[in-house]
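# Fold and geometry: a report
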Amino acid sequence: MRLFAAVEISPDVEAELAEWWLLAGEHFDPQYWRPVKPAGWHLTLAYFGEVAGRDIDDLAESLAACAAVSPPLKLCCSGFGVFPRPQRPHVFWAGVDDVAESGAMRNLARCCRQAGHATVRKHTAGEAPFRGHITLARCRSDHGAFFAAPDLQALPPLPELAWTAGRFCLFQSVLHAEGAQYRRLETFQLSGRANRHA
């Protein structure tokens, strides 16, 4: 199974972000860009790739340990951008920041990556630096990405959308012709204490 760990978006934030995307999405040529449906919006903490059934329990146990030491996350949408670079974008995203500036979001992502590194995928912990984001659109092809880069300066400003996340989940990604669909496998409550000295 293709697995990843992610924080779900609160319904209120999802609704407001969808309203903003109705305006921003007009700048993305549908010939080249495929929007991600709101049901697929989430904040990815770690991607584990293909995981054999015998390893899923070990991974879940390690993720539960991460949740036990992480406090609830105070998050806020902030800005937008593209991956991997503006000259050849493949993904358009809305940024997510840690409102408390405590490092809790980044620490949780690091712990989840290390859980994958220790159990199922030896290079998980060494992936690209973590950048909190919600993927809103994907380019349909490399050719389209080269010729259809959106004008980010023309997009309406993203409103500040804040929420508190008290849990994260282990998801399975199932690929379909119309895009990936996600199935929640396990939920982990964030029960650690906030670092008052951060």
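Now for a description of the structure that goes with this document. (Residues numbered from 1 in each chain as written. Predicted model: local features only at pLDDT ≥ 70, side-chain atom pairs only at ≥ 80, totals over all residues. Heavy atoms only, no water.)

## Here we look at the overall build of the protein
Operational definition: Here a strand is any run of E in DSSP of at least two residues, a helix any run of H or I of at least four, and the numbering for each starts at the N terminus. Summary of the burial criterion: residues with accessible area below 20% of their type's maximum are buried, those above 50% are exposed, and those between are partly exposed, where the area comes from a 1.4 Å probe applied to protein chains only. In what follows, residue pairs with any heavy atoms lying within 4.5 Å of each other are defined as contacts. Using a 1.4 Å probe, accessible areas were evaluated by the Shrake-Rupley method; residue-level cover was limited to the displayed protein chains.
On a plain count of helices and strands, the protein comes out with four helices and nine strands. The order of helices and strands in the protein, counted from the N terminus, is β-α-β-β-α-β-β-α-β-α-β-β-β. With 198 residues in all, the protein has 42% of them scored as buried. Looking at the protein alone, contacts between residues at least 24 apart form 77% of all its contacts between residues at least 6 apart. Per element, the accessible surface of the protein, about 10,800 Å² overall, is 50% carbon and sulfur.

## What to know about the packing of aromatic side chains
Which entries qualify depends on this criterion: The pairing test for Phe, Tyr and Trp rings, Trp by its six-membered ring, is centres within 6.5 Å, and the orientation test on the planes gives stacked under 30 degrees, edge-to-face over 60, and tilted for anything in between.
Counting across every chain of the model gives 12 aromatic pairs. With 5.8 Å between their ring centres and 45° between their planes, Phe80 and Phe92 make a pair best called tilted. Remark: Phe92 occurs in strand S5 (residues 91–98) and Phe80 occurs in strand S4 (residues 73–83); sequence separation between them is 12 residues. Residue Phe80 is classed as partly exposed on the basis of its relative accessible area, which comes to 23%. Put simply, the rings of Trp20, Trp21, Phe28, Trp33, Phe80 and Phe92 pair up and form one aromatic cluster.

## Some thoughts on the pattern of salt bridges
So the rule is basically this: When a carboxyl oxygen of Asp or Glu lies within 4 Å of a side-chain nitrogen of Lys or Arg, that pair is called a salt bridge.
The tally for this structure, following the rule as stated, stands at three salt bridges. Across the pair Arg184 and Glu8 runs a salt bridge whose closest N-O atoms are separated by 2.6 Å. Linking Arg184 in strand S9 (residues 179–189) with Glu8 in strand S1 (residues 2–8), this pair joins segments that are 176 residues apart in sequence. Judged by its relative accessible area of 44%, Arg184 falls in the partly exposed class. With relative accessibility at 21%, the residue Glu8 sits in the partly exposed group. One salt bridge connects Asp97 with Arg131, and the closest N-O pair in it is separated by 3.7 Å. With Asp97 in strand S5 and Arg131 in the loop between helix H3 (104–119) and strand S6 (133–139), this pair connects stretches of sequence that are 34 residues apart. Here Asp97 falls in the partly exposed class, since its relative accessible area comes to 32%. One connected set of salt bridges, linked through shared partners, spans Glu8, Arg167 and Arg184.

## Quick look at a negative patch on the surface
Filter applied, for reference: Patch construction takes residues with relative accessible area above 30% that form no salt bridge. Like charges are linked within 9 Å, and nonpolar side chains (Val, Leu, Ile, Met, Phe, Trp, Tyr) are linked within 5 Å. The sign given to each residue is positive for Lys and Arg and negative for Asp and Glu; His and the chain ends receive no count. Lys charges are placed at NZ, Arg charges at CZ, Asp charges at CG and Glu charges at CD.
A surface patch of like charges, here negative, comprises Asp57, Asp58, Glu61 and Glu186. Per-element tally for the negative patch: the top contributor is helix H2 (residues 53–69), with three residues. Relative to the assigned elements, Asp58 resides in helix H2. With relative accessibility at 41%, the residue Asp58 sits in the partly exposed group.

## Comments concerning the state of the cysteines
The criterion, for reference: Any pair of cysteine sulfurs within 2.5 Å is marked as a disulfide.
This structure, assessed with the given rule, holds one disulfide. The partner cysteine of Cys66 in its disulfide is Cys111, sulfur to sulfur 2.2 Å. What sets the handedness of the Cys66 and Cys111 disulfide is the S-S torsion sign, and at about -90° it is left-handed. Here Cys66 is found in helix H2, whereas its partner Cys111 is found in helix H3, with 45 residues between them in sequence. Looking at Cys111, the relative accessible area reads 23%, which means it is partly exposed.

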